[in-house]
Amino acid sequence: MNTMDNLEKQLICPICLEMFTKPVVILPCQHNLCRKCANDVFQASNPYLPTRAGSLSSGGRFRCPSCRHEVVLDRHGVYGLQRNLLVENIIDMFKQESSSSKPAPERKEETPMCDVHEDEKINIYCVTHGVPTCSMCKVFGAHKDCEVAPITSIYQTKKTELSDGIAMMVGNNDRMQGIISQLEEACRAIEENGRRQKTLVCEKFDQLYTVLEEKKREMSQKVTAEQDEKVNYIRSLTRKYGDHLEESCKMVELGIQTMEEPEMALFLQNTKPLLKKLEEASSTAHLDKVERGYENMDHYTVNFKKEGKALRSLDFIQDDEDEDEEDEDGDAGTQEAEGAQTVSGGGAVTAASIQPSAPQQSNSSPSTATSSAST
């Protein structure tokens, strides 16, 4: 019951001081609230924002009641916060176990009997072979030369090990939830950076002649192709982590059910394989990790240097080509100043506006705009 009591304390909402009421939302600081409580705090912090059907219908901000971290919401308000399905599943399992454990004292199962000595109850534990047995097996049976211990002491030891294993698995599941959130954020960052880079490319093409429209579609498709490739990879990785998390939740549920076993011998019979399964399920070595900067898309930059026929051979610049072109254009009559600053990891991408070219003679052609993005 100590384990269940400790688990219940972790499921208390800091606002209503009751067990979380579904739906449960997770804040950016990784703390949880009932969505109703989060909405009450939100309304108290934003009394002048318009409401609809008892809830705020536009963005605002409030502070987490646990750590005071400021939470900024979008136009969906608290309904835009992500639900913590892991906590909701644990609440369901806790309530189910709590309700099923109440009639347990009325159910008195018999102590298992020894398979060899059918009239003897299993009342000691063979440390050498790691199995419960009876006193007769120790006196003149298969375990007469083995080291034995009272079944009560081994029961407490194994129950502590199982409790520690469950606690470790719950911690791993929390970390897994954080990894899934980071993967989802990486998806959004890739999509956002892809959109921004395509917008930057399109802005430059819009300043040129209609003959560049076909080339514009070709270059945009390159950005889209890599964006889709990265997003598909991240989503597949998210599904793998989700499957692993689901399996871990099942192991936690099985562990909790085993913890409620009142009979010590049955408990010890089931503990050894369960601990091994918990150890295997807690490993994430087989899951891929996303490399740093994988979500960046700012390597798609453009640099327009030529006019006329050169416009038909435009492509994304390469580092070596860029250096050669800069040397060739050292004597050009016009120059442009334009920069692009990219914040990696899903940050905003900003581009400086094009400076007007120096005055030209009336019969000269306009200078070519140069666009470069530095990472």
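Starting from 1, residues in each chain are numbered consecutively following that chain's sequence as written. Local features are withheld for residues below a pLDDT of 70 in this predicted model, meaning they are given only at 70 or higher, and side-chain atom pairs are given and counted only at 80 or more; totals for whole chains, interfaces and linings count all residues. Heavy atoms from the whole structure form the basis of all side-chain values; hydrogens and water molecules are not counted.

**With respect to the overall build of the chain**
On a plain count of helices and strands, the chain comes out with eight helices and twelve strands. Any residue under 20% of the maximum accessible area for its type is buried, any over 50% is exposed, and the rest in between are partly exposed; the area is computed with a 1.4 Å probe on protein chains only. A buried classification covers 38% of the 375 residues belonging to the chain. Here, residues are in contact when the closest pair of their heavy atoms is within 4.5 Å. Contacts in the chain between residues far apart in sequence, at least 24 positions, make up 61% of those at least 6 positions apart. Working definition of accessibility: Shrake-Rupley area with a 1.4 Å probe, residue cover restricted to the visible protein chains. Of the roughly 22,300 Å² of accessible surface on the chain, a fraction of 48% belongs to carbon and sulfur atoms. Counting from the N terminus, the helices are the DSSP runs of H or I reaching at least four residues and the strands are the DSSP runs of E reaching at least two.

**Digging into the packing of helix α5 (residues 151–206) against helix α6 (residues 213–259)**
Think of each axis as a best-fit line through the C-alpha atoms, taken over the contacting stretch in the case of a helix, with angles from 0 to 180 degrees between the N-to-C directions. Following both chains from N to C, one finds α5 and α6 inclined at 170°, their axes separated by 9 Å at the closest point. In terms of their interaxial angle, α5 and α6 are classed as roughly antiparallel. For the contact of α5 with α6, the class distribution of residues is 23 nonpolar, 13 polar and nine charged. Each angle gets one of four labels, with under 35 degrees taken as roughly parallel, over 145 as roughly antiparallel, 65 to 115 as roughly perpendicular, and the rest as oblique. The classification used treats Ala, Val, Leu, Ile, Met, Phe, Trp, Tyr, Cys and Pro as nonpolar, Asp, Glu, Lys and Arg as charged, and all other residues, Gly among them, as polar.

**Observations concerning the sheet that holds strand β8 (residues 124–126)**
When DSSP finds two or more bridges between two strands, those strands count as paired. Judged by pairing direction, the sheet is antiparallel, and its three strands sit side by side in the order β9-β8-β10 without closing on themselves. Across the chains shown, the open sheet's two edge strands, defined by having one partner strand only, are β9 (131–133) and β10 (148–150). Ignoring which end each strand starts from, the neighbouring axes of this sheet average 40° apart. Of the strand pairs in this sheet, β8 and β9 are connected by three bridges, and their pairing is antiparallel. Paired with Tyr125 across the strands is Pro132, a residue of β9.

**Topic: unusual backbone geometry**
Despite not being glycine, Gln30 has its phi angle at roughly 75°, a positive value. Note that Gln30 resides in the loop between β1 (24–26) and β2 (32–34). One non-glycine residue, Arg68, adopts positive backbone phi at about 65°.

**Observations regarding the pattern of salt bridges**
Just to be clear on terms, a salt bridge is a Lys or Arg side-chain nitrogen sitting within 4 Å of an Asp or Glu carboxyl oxygen. A full pass over the atoms with the stated rule returns nine salt bridges. In this structure, Lys36 engages Asp40 in a salt bridge whose closest nitrogen and oxygen atoms are separated by 3.5 Å. On the criterion of helical spacing, the pair formed by Lys36 and Asp40 is a turn pair, its members being four residues apart in helix α2 (residues 35–45). Lys36 gets classed as exposed once you look at its relative accessible area, which sits at 61%. A residue is classified by how much of its surface remains accessible, and Asp40, at 37% relative accessible area, is partly exposed. A salt bridge links Glu226 to Lys230; its shortest N-O distance comes to 3.3 Å. Here the residue Glu226 and the residue Lys230 both occupy positions in helix α6, the gap between them amounting to four residues, near one helical turn. You can call Glu226 buried: its relative accessible area is 18%. Three or more residues are tied together by salt bridges with common partners; here these are Glu192, Arg195 and Arg196.

**Focus on the sheet that holds strand β7 (residues 82–83)**
The three strands are arranged β2-β1-β7 in an open sheet whose pairing can be described as antiparallel. Sheet topology places β2 and β7 at the edges, where each strand pairs with a single neighbour. In the sheet, β1 pairs with β2 via three bridges, with the strands oriented antiparallel. By the bridge assignment for β2, Val25 is matched with Leu33.

**Concerning the state of the cysteines**
Counting rule for disulfides: a pair of cysteine sulfur atoms within 2.5 Å. Tallied over the full model, the rule gives zero disulfides. This cysteine, Cys67, is not joined by any disulfide, and Cys29 carries the nearest cysteine sulfur, 3.6 Å off. For Cys67, a relative accessible area of 37% translates into the label partly exposed. For the unlinked cysteine Cys134, the closest cysteine sulfur is that of Cys114, found at 3.5 Å. Residue classification places Cys134 among the buried residues on the basis of a relative accessible area of 0%.

**Some thoughts on the environment of Ser45**
Among the secondary structure elements, Ser45 is positioned in helix α2. When the C-alpha positions of Ser45 and Arg61 are compared, they lie 7.3 Å apart, and in sequence the two are 16 residues distant. Apart from residues lying up to four places away in sequence, Ser45 is in contact with Arg61 and Phe62.

**Some points on the packing of α6 against helix α7 (residues 264–281)**
For the pair α6 and α7, interaxial distance at closest approach is 11 Å and the crossing angle is 160°. Relative to α7, the element α6 is oriented roughly antiparallel. Here α6 and α7 pass one another in a crossing that is left-handed. On α7, the residues that touch His244, Ser248, Met251, Leu254, Gly255, Thr258 and Met259 of α6 are Phe267, Asn270, Leu274, Lys277, Leu278 and Ala281. Class assignment of the residues belonging to the contact of α6 with α7 gives a composition of seven nonpolar, five polar and one charged. Should the near helix be turned anticlockwise from the far one by less than a right angle, the crossing is left-handed, and should it be turned clockwise, the crossing is right-handed.

**So, the environment of Phe62**
Relative to the helices and strands, Phe62 resides in strand β5 (residues 61–63). The class for Phe62 is buried, based on a relative accessible area of 3%. Each C-alpha atom, one on Phe62 and one on Ser45, is 5.8 Å from the other, the two residues being 17 residues apart in sequence.

**Thoughts on the packing of aromatic side chains**
Ring pairs shown here join Phe, Tyr and Trp side chains whose ring centres sit within 6.5 Å, with only the six-membered ring taken for Trp; geometry is labelled stacked below 30 degrees between planes, edge-to-face above 60, and tilted in between. The final tally for this structure, using the stated rule, is three aromatic pairs. Considering the side-chain rings of Phe42 and Phe62, the 5.8 Å spacing of their centres and the 40° angle between planes classify their relative orientation as tilted. In this pair, Phe42 sits in helix α2 while Phe62 sits in strand β5, placing the two residues 20 residues apart along the sequence. The burial state of Phe42 is the same as that of Phe62; both residues are buried.

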